[in-house]
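Take a look at the letters that make up each chain.
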Amino acid sequence: MTIDDVPAVSALEQRLFPVDAWPLHMFFDELSQPETRRYLVAQGSDGIVGYAGLMCIEPIADVQTIAVVPEYEGRGIGSWLLTSLIEEARRRRAADVLLEVRADNPRAQQLYRRFGFEQIHIRPRYYRDGVDALIMRLQLNGSPGGQSDAGTTKEAGQP
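Residues numbered from 1 in each chain as written. Predicted model: local features only at pLDDT ≥ 70, side-chain atom pairs only at ≥ 80, totals over all residues. Heavy atoms only, no water.

(A) Seen up close, the environment of W22. Position of W22 among the secondary structure elements: in the loop between α1 (6–16) and α2 (24–31). Considering only alpha carbons, one finds W22 and T65, 43 residues apart in sequence, at a separation of 9.9 Å. (Helix = DSSP H or I, 4+ residues; strand = E, 2+ residues; numbered from the N terminus.)

(B) Highlighting the environment of C56. Structurally, the position occupied by C56 is in strand β2 (residues 47–57). Spatially, the C-alpha atoms of C56 and A89 are 6.7 Å apart, while their sequence positions differ by 33 residues. Aside from chain neighbours lying at most four places away, what touches C56 is T36, A61, R92 and A94. (Contact = heavy atoms within 4.5 Å.)

(C) Representation of the sheet that holds strand β3 (residues 60–68) within the structure. The strand order across the open sheet built from six strands is β1-β2-β3-β4-β6-β5, with neighbouring strands paired in mixed fashion. Each edge of the open sheet is held by one strand with a lone partner, namely β1 (37–44) and β5 (118–123). Sheet twist, expressed as the mean angle between neighbouring strand axes with direction ignored, is 25°. Contacts between α1 and the sheet are confined to β1, β2 and β3, with β2 contributing the most and set at about 90° to the helix. Across the face of the sheet, helix α3 (residues 77–91) comes into contact with β1, β2, β3, β4 (96–102) and β6 (133–139) while running at roughly 160° to β3. (Pairing = 2+ DSSP bridges. Axes fitted to C-alpha atoms, helices over the stretch in contact; angles between N-to-C directions.)

(D) Layout of the pairing of β1. Sheet topology places β1 next to β2; eight bridges connect them, and they run antiparallel. Along β2, the bridge assignment pairs L40 with A52. Joining the antiparallel neighbours β1 and β2 is a turn of two residues.

So this is what it looks like as structure tokens:
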């Protein structure tokens, strides 16, 4: 993700997370911290169709956000974004990747479990609409690459 991508990403953020959307300046703030942050976009024929971000302060990496527009779900974009974040966490020598996922989003939970994330805690009423957040963790046992290892997240594409 570059500064030029922020307006399009922010527009998607408002569309996908109307209750919990980040304000525009948060994306600029996040991109201004490359020593601890990494943000990605996925491009489709219609422009940006997904985005994701990671914060890593050893030994913990935290998935800050991951989103794919509903029209592009099921095409492997979310898996590509998550794989890229996990690889970045490994490069930054994280021991664990954490993420938060809405308790009412089984599709995202299934994706994270497929990558080896396990639920470790619940944050009651975490989201502004009162929905609980499930805290999930992927332990990165030093293995290079692969989908068996992954982070705190906001996710899109809820049913």
